[in-house]
Amino acid sequence: MKILVQKFGGTSVATQERRELVVDKIENAVKNGFFPVVVVSAIGRNGDPYATDTFISFANSVGVKSNPREMDMIMSCGEIISSVVLSNTLKKRGYDSMVLTGGQAGIITDESFGDAEVLRVEPQFISDCMEKNIIPVIAGFQGKSENGEITTLGRGGSDVTGAIMGEALNAEAVEIYTDVEGIMTADPRIVPDAMVMDTIYYNEVFQMAEYGSKVIHPRAVEVAMRSNLPLLIKNTMTDCAGTLITNCDKNRNYRYDKSNKILTAIAHVSGRVRVRIIFDGSAGEFENDDQLFEAIASEGISIDMINVNPDFKLFIIDEAYIGNLEKVLGRYEYNYELKTNCSKVTIIGNKMRGVPGVMSKTISALARQNIEVLQTSDSHTTISCLIDSAYTNAAVNALHQEFELGKASK
Ligand code: ADP
Ligand code: MG
């Protein structure tokens, strides 16, 4: 029997009314001859009683944060609650269903609590469910280690659960249900003119996710890409076709994109800090690139948009790491400057490879809005600009318009 993995995000399972819509989607899969394997996220968003952020806030308030192992135990509860609730909704509608934690679903991870990596899947439980025609509802975002420890897969990790189960079960596809119609040319919360895409290549959506589009977890795209597993992003609340993430056409041949648009999408991420470390002798014998970057790495700080000059080093970090960074830089008495409240806006498109003028168009579109570009970085298929966060919306909208990505330009 053909397997269809269906993952439902936090807003999709937030109310009983929506959970009934979720059951409709599962029912459709059954009617279309699939065996559905369901994955759910925790119910709702921060402030909702059983949301992951609510558990994190509570844990912090009672001092659990310093213990990553226990933090994972608390964080895994939201998805377990959600899967029990959804499984019961399925049963009320006449379907046999069984709840499984990530560990029971056979997801074996390493022990990097909070951001565990999946090592393999042992889907025996799921196969048993299939034989007995019982619909499994798996708690997303979690697994277990070889030693039986409960682990979580990082924020947005239920997408990874969906993709990894799809791969392990050799599913026909993985459907990711959320609160938008599909992958859009930019975040619809800030670009009203953003358009839904019918299809998109794995590497483009991977870059979107890496550069800040929260619509899907980058690792889920990576898993799907390595096994050529089609991913579908759909809206729980509507019957729209959604976006198909694939490199193939219907005949499984490589899909050639006929559109003449250079760009595919624009992503953004805020909460960045620009760091400028000045080599003026203040750090004495420690003042060399080797020791500086080694010291930063040893604090677990990831850096980006790196620009190394003999006299200064520029890079950006997530603002969550300011404290750790200042600790390192202070220890060696480096002279440095921080610029907080920055955003990174990235234009993405496979077709920009080798096309002249993309940078100049980007810079002039931002200049027309009086947005100063603090720093840039690029690859064959992306250009990122660092700007003051106050201009994030203006920048994303300006670039969206400049590269004619919106409905208005159709
Ligand atoms: P879920 O809880 O279902 O996983 P998420 O909040 O993680 O939902 O992802 C859906 C959200 O992603 C949307 O509400 C939308 O605001 C945001 N988003 C950001 N960039 C994009 C984009 N390019 N296309 C679609 N949605 C996007
Ligand atoms: Mg999500």
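Residues numbered from 1 in each chain as written. Chains lettered and ligands numbered in written order. Predicted model: local features only at pLDDT ≥ 70, side-chain atom pairs only at ≥ 80, totals over all residues. Heavy atoms only, no water.

A.B. asks: Provide a residue-level description of the sheet that holds strand β18 (residues 382-388), including the pertinent values.
C.D. replies: Across the sheet, which stays open at both edges, the 6 strands sit in the order β14-β15-β13-β16-β18-β17 with antiparallel pairing between neighbours. Two strands close off the open sheet at either side, each with one partner strand: β14 (304-308) and β17 (375-379). Averaged over all neighbouring strand pairs, the angle between strand axes comes to 25°, with direction disregarded. Across 7 bridges, the pairing between strand β16 (residues 335-348) and β18 is antiparallel. What sits directly across from I348, in β18, is T382. Where helix α7 (residues 202-210) meets the sheet, it contacts β13 (265-278), β16 and β18, and its direction lies at approximately 150° from that of β16. Of the strands in this sheet, β13, β15 (312-318) and β16 touch helix α10 (residues 322-331), which is tilted by about 140° from β16. (Pairing = 2+ DSSP bridges. Helix = DSSP H or I, 4+ residues; strand = E, 2+ residues; numbered from the N terminus. Axes fitted to C-alpha atoms, helices over the stretch in contact; angles between N-to-C directions. Contact = heavy atoms within 4.5 Å.)

A.B. asks: Go over the pairing of strand β1 (residues 2-8), please, and point to the residues and values.
C.D. replies: In terms of burial, β1 is largely enclosed, as 6 of its 7 residues are buried. Two strands pair when backbone bridges link them, and β1 and strand β2 (residues 34-40) are joined in this way by 7 bridges, in the parallel orientation. Note that in β2 the partner of F8 across the bridge is V40. In this fold, β1 hands off to helix α1 (residues 16-31), which returns the chain to β2; that crossover is right-handed. Looking at chain direction, β1 and strand β9 (residues 173-178) are connected through 5 bridges and run parallel. When the bridges of β9 are listed, K7 appears paired with I176. (Buried < 20%, exposed > 50% of the residue type's maximum accessible area, 1.4 Å probe, protein only. Right-handed = clockwise from strand over helix to strand, strands pointing away.)

A.B. asks: Talk me through the environment of L399; I want residue IDs and the actual numbers.
C.D. replies: Inspection of the secondary structure puts L399 in helix α12 (residues 392-402). In this structure L399 comes out as buried when scored by relative accessible area, which is 1%. Put simply, L399 and T362 are 37 residues apart on the chain and 6.7 Å apart in space, counted from C-alpha to C-alpha. Every residue in contact with L399, bar those within four places of it in the chain, is listed here: I266, V345, I347, T362, A365 and L366.

A.B. asks: Tell me what's going on with the nonpolar core, and back it up with residues and numbers.
C.D. replies: M165, I216 and I245 are the most contacted members of the largest nonpolar core, which totals 43 residues. Here this core gets 5 residues from one element, more than from any other, and that element is α7. Contact partners of I216, with chain neighbours within four places excluded, come to D159, I176, V205, A209, V221, L231, I233 and I245. Judged by nonpolar contacts, the second largest core, of 23 residues, contains V180, A186, I190 and F403. (Core = buried A, V, L, I, M, F, W, Y, C linked by side-chain atoms within 4.5 Å.)

A.B. asks: Describe in detail the pattern of salt bridges, supporting the description with residues and values.
C.D. replies: One pass over the full model with this rule turns up 21 salt bridges. Its salt-bridge partner being R272, residue D318 comes within 3.6 Å of it at the nearest N-O pair. Remark: R272 occurs in strand β13 and D318 occurs in strand β15; sequence separation between them is 46 residues. The exposure class of R272 is buried, given its relative accessible area of 16%. Note that E299 and R331 form a salt bridge whose closest N and O atoms lie 3.5 Å from each other. Placement of the pair is E299 in the loop between α9 (289-298) and β14 and R331 in helix α10, with a sequence separation of 32 residues. Ionic contacts of the salt-bridge type, sharing partners, join the residues E20, D24, E27 and R93 into one network. (Salt bridge = Lys/Arg side-chain N within 4 Å of Asp/Glu carboxyl O.)

A.B. asks: Hey, could you go over the site of ligand 1 for me, with residue numbers and the actual values?
C.D. replies: Looking at ligand 1, there are 19 residues lining it, with R45, T178, D179, D187 and R189 nearest. At 2.9 Å, a side-chain N or O of D187 approaches an oxygen atom of ligand 1. K214 is positioned with one of its backbone polar atoms (N or O) 3.4 Å from an oxygen atom of ligand 1. For ligand 1, whose free accessible area comes to 570 Å², the fraction covered by protein is 89%. Within the shell around ligand 1, the residues separate by chemical class into 8 nonpolar, 5 polar and 6 charged. (Near = heavy atom within 4 Å. Polar contact = N/O pair within 3.5 Å; in protein donor to acceptor, adjacent residues only side chain to side chain. Areas by Shrake-Rupley, 256 points an atom, 1.4 Å probe, with all protein chains shown as cover. Nonpolar A, V, L, I, M, F, W, Y, C, P; charged D, E, K, R; others polar.)

A.B. asks: Now, about the pairing of β2: what can you tell me, with residues and values included?
C.D. replies: Taken across its 7 residues, β2 has 6 buried, putting it largely inside the fold. As paired strands, β2 and strand β6 (residues 135-139) are joined by 3 bridges and run parallel to one another. Across the sheet, residue V39 finds its bridge partner in β6, namely I138.

A.B. asks: An account of the side chain of E204 is requested, with residue identities and associated values reported.
C.D. replies: Locating E204 in the fold gives a position in helix α7. A residue is classified by how much of its surface remains accessible, and E204, at 4% relative accessible area, is buried. Once residues lying within four places of it in the same chain are set aside, the contact partners of E204 are T264, I348, G349 and N350.

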